[in-house]
Amino acid sequence: MSKIPVYLMPGLAASTAIFERIALPEDIFETHLLEWEIPLDNESLIDYAKRIVEKIKHKNPILIGVSFGGILVQEMAKYIDVRKVIIISSVKSNLEFPRRLKIAKTTKAYKLIPMNLILNMESLAKFSFGEKVNQRLKLYEKYLSVRDIRYLNWAVEQVVLWNRAVIDENVIHIHGDMDDVFPIKNIQNCIVVKGGTHIMILNKYKWLNENLPKIILE
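Counting restarts for each chain, with residues numbered from 1 along the sequence as it is written. The model is predicted, so local features are restricted to residues of pLDDT at least 70 and side-chain atom pairs to those at 80 or more, both for listing and for counting; the totals for chains, interfaces and linings are taken over all residues. The side-chain quantities take in all heavy atoms of the structure and omit both hydrogens and water.

Focus on the pairing of strand β1 (residues 4–9)
Working step 1: Counting buried positions along β1 yields 6 of 6 residues, so the element is predominantly enclosed.
Working step 2: Judged from the 5 bridges that link them, β1 and strand β2 (residues 29–33) form a sheet pairing that is parallel. Looking at the pairing, Ile4 lines up with Phe29 of β2.
Working step 3: Note: two strands are recorded as paired if DSSP finds a minimum of 2 bridges between them. Numbering of helices and strands starts at the N terminus; helices are DSSP runs of H or I of at least 4 residues and strands are runs of E of at least 2. Bridge count between β1 and strand β3 (residues 62–66): 4 bridges; the pairing is parallel. Opposite Val6, over in β3, you have Ile62 as the bridge partner. The classification of residues rests on relative accessible area computed with a 1.4 Å probe and restricted to protein chains. Under 20% of the type maximum is buried, over 50% is exposed, and intermediate values are partly exposed.

As structure tokens, this is what we get:
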């Protein structure tokens, strides 16, 4: 029997290293890692999704996306037949956005984010205090690999302006009850991971390794 192809898309600016602890049974699944491409000038999320879809070489794959990657795989699923779409630490429509993102859209405040600070981790470190913040910066150094300012500006804008208002009921949503980026109070109909934060792909990998195979095969 042929293996089930599973394609994994990381979160905003993140590298495929975020999946380093995700291990699906190799006798059943064939895992493929998708990476962010630098967007073309004035490229829409729709056109970007079509471009990334070209990297999928199997019929009826499973698409799994984290955070902004979850938004992207939902857009990609419009253009190919998929077995399942699974999103982790993400949203199924802009109705699930927290209030601050809705305000950012109205006021265009997202355009004021100093992206060059995000690009320069050492500069960011100067503004951080305490061991916990510095530990988080080390995580950023390891897992945030896309430092292109054009990509960052584009990606933040695509999230804020995402116009999907109708939820696809077929999308399987896995979400942590301590997610501070997309608070669970705004999320409808999801599989809840207790103690899961927005980066639970890193620190709840045991739960995911145990449960993802069952979720895919259901």
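Brief notes about the packing of aromatic side chains
Working step 1: Stacked, edge-to-face and tilted are the three classes for Phe, Tyr and Trp ring pairs, Trp counted by its six-membered ring, which pair at centre distances within 6.5 Å; planes under 30 degrees apart are stacked, over 60 edge-to-face, the rest tilted. With the rule as written, the count across this model stands at 7 aromatic pairs.
Working step 2: Relative to Trp154, the ring of Tyr48 has its centre 4.4 Å away and its plane inclined at 40 degrees; by these criteria the two rings are tilted. Here Tyr48, found in helix α1 (residues 45–53), pairs with Trp154, found in helix α7 (residues 149–160); they are 106 residues apart in sequence, far enough to count as distant.
Working step 3: With centroids separated by 6.3 Å and ring planes inclined at 15 degrees, the aromatic side chains of Phe97 and Phe182 adopt a geometry described as stacked. Taken as a pair, Phe97 in the loop between β4 (84–88) and α3 (99–107) and Phe182 in the loop between β5 (172–176) and β6 (191–193) lie far apart in primary sequence, 85 residues in all.

As for the pairing of β3
Working step 1: Burial analysis of β3 places 5 of its 5 residues in the buried class, the great majority of the element.
Working step 2: Crossover handedness is defined by viewing with both strands directed away from the observer: a clockwise path from the first strand over the helix to the second marks the crossover as right-handed. Handedness of the crossover joining β3 and β4 through helix α2 (residues 68–76) is recorded here as right-handed.

Quick look at the packing of α1 against α2
Working step 1: Axis geometry follows a simple rule: fit a line to the C-alpha atoms, using only the stretch in contact for helices, then measure angles between N-to-C directions, giving values from 0 to 180 degrees. Following both chains from N to C, one finds α1 and α2 inclined at 80 degrees, their axes separated by 9 Å at the closest point. As far as their axial angle goes, α2 and α1 are roughly perpendicular. Where α1 approaches α2, its residues Leu45, Ile46, Tyr48, Ala49, Ile52 and Val53 are matched on the opposing element by Phe68, Ile71, Leu72, Glu75 and Met76.
Working step 2: Broken down by class, the residue content of the contact of α1 with α2 amounts to 10 nonpolar, no polar and 1 charged. Between 65 and 115 degrees an angle is taken as roughly perpendicular, under 35 as roughly parallel, over 145 as roughly antiparallel, and anywhere else as oblique. Contact criterion: two residues are considered in contact whenever any of their non-hydrogen atoms come within 4.5 Å of each other. Polar here means any residue outside two lists: the nonpolar Ala, Val, Leu, Ile, Met, Phe, Trp, Tyr, Cys and Pro, and the charged Asp, Glu, Lys and Arg; Gly therefore counts as polar.

Observations concerning the sheet that holds β2
Strand pairing within a sheet occurs via backbone hydrogen bonds; the two strands may be parallel or antiparallel.
Working step 1: Taken together, 6 strands build an open sheet; the order of strands is β2-β1-β3-β4-β5-β6 and the sheet is parallel. The open sheet terminates on both sides in strands that have one partner only, identified here as β2 and β6. Strand-to-strand twist of the sheet, defined as the mean angle between neighbouring strand axes without regard to direction, takes the value 20 degrees.
Working step 2: Sheet strands touched by helix α9 (residues 205–217): β1, β2, β3, β4, β5 and β6. Its angle to β4, the strand with the most contacts, is close to 155 degrees.

What about the side chain of Glu96?
Working step 1: Tracing the chain through its elements places Glu96 in the loop between β4 and α3.
Working step 2: Classification of Glu96 by relative accessible area gives buried; the value is 0%.
Working step 3: Side-chain polar atoms of Glu96 contact the backbone nitrogen of Gln188, separated by 2.9 Å.
Working step 4: What Glu96 contacts, discounting residues up to four positions off in sequence, is Val91, Ile167, His173, Asn186, Ile187 and Gln188. We define a polar contact as two N or O atoms separated by no more than 3.5 Å, with the added condition that, inside protein, one atom must be a possible hydrogen donor and the other a possible acceptor, whereas residues neighbouring each other in sequence contribute only through side-chain atom pairs.

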